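What follows is the residue order along each chain.
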Amino acid sequence: MTESTVVYLPSPEGVEDPLAEVLRVGARRLLRHAREAEVAAELAAYTDERKECGHRRLVRHGHGPARRF
């Protein structure tokens, strides 16, 4: 038995597949929402933590009030 049964599939690069693109976009959206939920949960855990000056101890970068240093 010398006949090979190996089937080579084309490389995914360069192949336009609308279904794969929909899945890719959906997966990215799902991961983005999961990251946002994780960050929100972590920030919520420290909501009551304050510094001596009254500012929140933990804020999301770029989402807190402007501060002067």
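This text goes with the structure placed above it.
Residues numbered from 1 in each chain as written. Predicted model: local features only at pLDDT ≥ 70, side-chain atom pairs only at ≥ 80, totals over all residues. Heavy atoms only, no water.

**Considerations on the overall build of the protein chain**
For the protein chain, the count of helices and strands is one helix and zero strands. The burial tally for the protein chain puts 1% of its 69 residues in the buried class. For the protein chain, the computed accessible surface area is about 7,000 Å², with 57% contributed by carbon and sulfur atoms. (Helix = DSSP H or I, 4+ residues; strand = E, 2+ residues; numbered from the N terminus. Buried < 20%, exposed > 50% of the residue type's maximum accessible area, 1.4 Å probe, protein only. Areas by Shrake-Rupley, 256 points an atom, 1.4 Å probe, with all protein chains shown as cover.)

**Things to note about the pattern of salt bridges**
The full count for this structure, using the stated rule, is one salt bridge. A salt bridge links Glu 21 to Arg 24, with the nearest nitrogen and oxygen atoms 2.9 Å apart. With a gap of three residues between them, Glu 21 and Arg 24 both fall in helix H1 (residues 18-45), about one helical turn apart. For Arg 24, a relative accessible area of 40% gives the class partly exposed. (Salt bridge = Lys/Arg side-chain N within 4 Å of Asp/Glu carboxyl O.)

**Overview of the environment of Ala 40**
Assignment of secondary structure puts Ala 40 in helix H1. Sequence spacing of Ala 40 and Arg 60 is 20 residues, and the spatial spacing of their C-alpha atoms is 9.0 Å.

These results come straight from atomic positions and should not be treated as a statement about function.
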